[in-house]
Amino acid sequence: MNAERRNMQNLRIGVPSKGRLSELAAELLAQGGMGFRRQDRSLFARVKDIPIEITFLRTDDIPVLCAEGAIDMGITGSDIVQENEVDVQIRLKLGVGKCRLAVCVPESSSIQNVADLDGCRIASTFPRVTSAFLRQHNASVHLVKLSGSVEVMVSLGVADAIVDLVETGSTLAANQLRILTEIGQYETVVIQGNGCRFPELADRIIRRLEGVVIARSYSLLEYNIRRELLEQAEKVTPGFNSPTVNALEDPDWCAVRVMVKKKDIIEAMEKLESIGANAILETEIANCRL
Ligand code: PRP
């Protein structure tokens, strides 16, 4: 199949060609029934049974290429979308790759607030977002635009402060830096270009991925409870929409099935047990449509 023919028939999704995000994107698409196999270092892969073609690109280029119409959709970071100031829609937040963009100064620095940055040198790979933020705070700085290794710029004497992504904070600690203030919070997202050639298929892809994202963040909780305690239990587990309640052979008891956020599951189980629920079971959800 030549490139032109491929272009005409398939929705094209740009995914990161390497790194952790590349693996995350491949796993997510596979779980949503859109698995693919990349041969060696090929730039394209075809998804089976659905007209989708995967294009492997640099994560940083995905928003621009989506805005330019080279790809219909893409998986990238919302930080990169904002920095590129491109006109694309963020269709879905994937709940992974969460990080913060922060202004960071040396641990020993006397700088206490953003206004103190006036006249400083600031290094960043996010020049547009940084400039806009500093403008809002009336701080006039000399911006050093870089494409990586920003955290060493203070010790190299290049900058007084940096604006960089912080995930766990270990890079900052290793470089004796502290957060002065946070500019924004970001995560991995699915974007869609305004010129997307197959909007209905794009909606179908989003529904599939949404099912996976929700399934990953929720568990299914089942328990038995006396009917008179049901209202109390439902306050602990209100569910995504509402819990499913089934009768048991003993008319005084009922069985409840409900979705609970994974991060809340242990606390919910403890509370239910203290209310009087029993046979409390947590089950993983592989996929869902709600
Ligand atoms: C990012 C960021 C920081 C680091 C922060 O770099 O630029 O250097 O992660 O993470 P931490 O708070 O968990 O230490 P990344 O590893 O993505 O590589 P990059 O330098 O190519 O951006």
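For the structure itself, look to the data block above.
Regarding the overall build of the protein chain
Of regular secondary structure, the protein chain possesses nine helices and 15 strands. In terms of C-alpha radius of gyration, the protein chain reaches 24 Å, well past the compact-globule figure of 19 Å for 290 residues. Dimensions of the protein chain along its principal axes, counting C-alpha atoms only, are 75 × 60 × 35 Å. Across the 290 residues of the protein chain, 44% fall into the buried class. Within the protein chain, contacts between residues at least 6 apart in sequence are counted, and of these 69% link residues at least 24 apart. When the accessible area of the protein chain is evaluated, it comes to approximately 15,600 Å², of which 46% is carbon and sulfur surface. Distance between charge centres in the protein chain, computed from 34 positive and 39 negative side chains, equals 6 Å.

A few points about the sheet that holds strand β8 (residues 142-145)
Overall, mixed pairing links the five strands, which are arranged β8-β7-β9-β6-β10 in an open sheet. Because the sheet does not close on itself, it has two edges, and the strands there are β8 and β10 (177-186). Pairwise comparison of adjacent strand axes, ignoring direction, gives a mean angle of 25° for this sheet.

Comments concerning empty space enclosed by the protein
Counted under the stated rule, the structure contains one cavity of 30 Å³ or more. If you add up the space inside the largest cavity, you get close to 50 Å³. Lining the largest cavity are Leu-21, Leu-24, Ala-25, Leu-28, Ile-75, Leu-94, Val-96, Thr-188 and Arg-216. The dominant element in the lining of the largest cavity, judged by the number of residues it contributes, is helix α2 (residues 20-31), at four residues. Of the residues assigned to the lining of the largest cavity, the class counts are seven nonpolar, one polar and one charged.

Re the site of the ligand
Around the ligand sit Glu-151, Asp-164, Leu-165, Val-166, Glu-167, Thr-168, Gly-169, Ser-170 and Thr-171, and that is every residue in its neighbourhood. A distance of 2.8 Å separates an oxygen atom of the ligand from a polar backbone atom of Glu-167. In the complex, 55% of the free accessible area of the ligand, which totals 500 Å², lies under the protein chains. The pocket occupied by the ligand, as judged from atoms lying within 2 Å of grid points, is the largest pocket.

Let's talk about helix α9 (residues 265-275)
Residues lying three or four places apart along an α-helix face the same way, a consequence of the helix completing one turn every 3.6 residues. The complete set of buried residues in α9 reads Ile-265, Ala-268, Leu-272 and Ile-275. Relative to the axis of α9, the buried residues are bounded by an arc of 85° and lie together on one face. Exposed and oriented more than 90 degrees from the buried face of α9 are Ile-266, Glu-273 and Ser-274. On its buried face, α9 is in contact with β12 (218-226), α8 (230-236), β14 (253-261) and β15 (278-284).

Digging into the layout of surface pockets
Over the atoms a probe the size of a water molecule is rolled, and this reveals where empty space is left. When its volume is computed, the largest pocket comes out at roughly 1,000 Å³. Every residue lining the largest pocket is counted, 37 residues in all, and those nearest its centre are Thr-59, Asp-60, Asp-79, Ile-80 and Leu-165. Ranked by residue count, the leading element in the lining of the largest pocket is helix α4 (residues 78-84), at five residues. Class assignment of the residues belonging to the lining of the largest pocket gives a composition of 13 nonpolar, 13 polar and 11 charged. A domain-level breakdown of the lining of the largest pocket finds at least three residues from each of domain 1 (3-96 + 187-197) and domain 2 (99-186). If you go around the second largest pocket, the residues you meet are Lys-93, Leu-94, Gly-95, Val-96, Lys-98, Glu-187, Val-213, Ile-214, Arg-216, Ser-217 and Lys-261. For the lining of the second largest pocket, the element with the highest residue contribution is helix α7 (residues 199-217), accounting for four residues.

Brief notes about the packing of aromatic side chains
Per the stated rule, a full pass over the model turns up two aromatic pairs. Its guanidinium or amino end placed over the ring of Phe-56, Arg-38 lies 4.1 Å from that ring's centre, counting from NZ or CZ.

Procedures and definitions
- Residues numbered from 1 in each chain as written.
- Predicted model: local features only at pLDDT ≥ 70, side-chain atom pairs only at ≥ 80, totals over all residues.
- Heavy atoms only, no water.
- Helix = DSSP H or I, 4+ residues; strand = E, 2+ residues; numbered from the N terminus.
- Rg over C-alpha atoms; globule rule 2.2 N^0.38 Å.
- Buried < 20%, exposed > 50% of the residue type's maximum accessible area, 1.4 Å probe, protein only.
- Contact = heavy atoms within 4.5 Å.
- Areas by Shrake-Rupley, 256 points an atom, 1.4 Å probe, with all protein chains shown as cover.
- Lys, Arg positive; Asp, Glu negative; His and termini not counted.
- Charge placed at Lys NZ, Arg CZ, Asp CG, Glu CD.
- Pairing = 2+ DSSP bridges.
- Axes fitted to C-alpha atoms, helices over the stretch in contact; angles between N-to-C directions.
- 1 Å grid on protein atoms, 1.4 Å probe; cavity = no way out; pocket = protein on both sides within 12 Å on 5 of 7 lines; lining within 4 Å.
- Points joined across faces, edges and corners; volume = space filled by probe spheres on them.
- Nonpolar A, V, L, I, M, F, W, Y, C, P; charged D, E, K, R; others polar.
- Near = heavy atom within 4 Å.
- Polar contact = N/O pair within 3.5 Å; in protein donor to acceptor, adjacent residues only side chain to side chain.
- Sits in = over half its atoms within 2 Å of the grid points.
- Arc of directions from axis to C-beta.
- Domains from an automatic or database assignment.
- Phe/Tyr/Trp six-rings, centres within 6.5 Å; stacked < 30°, edge-to-face > 60°.
- Lys NZ or Arg CZ within 6 Å of the ring centre and 35° of its normal.

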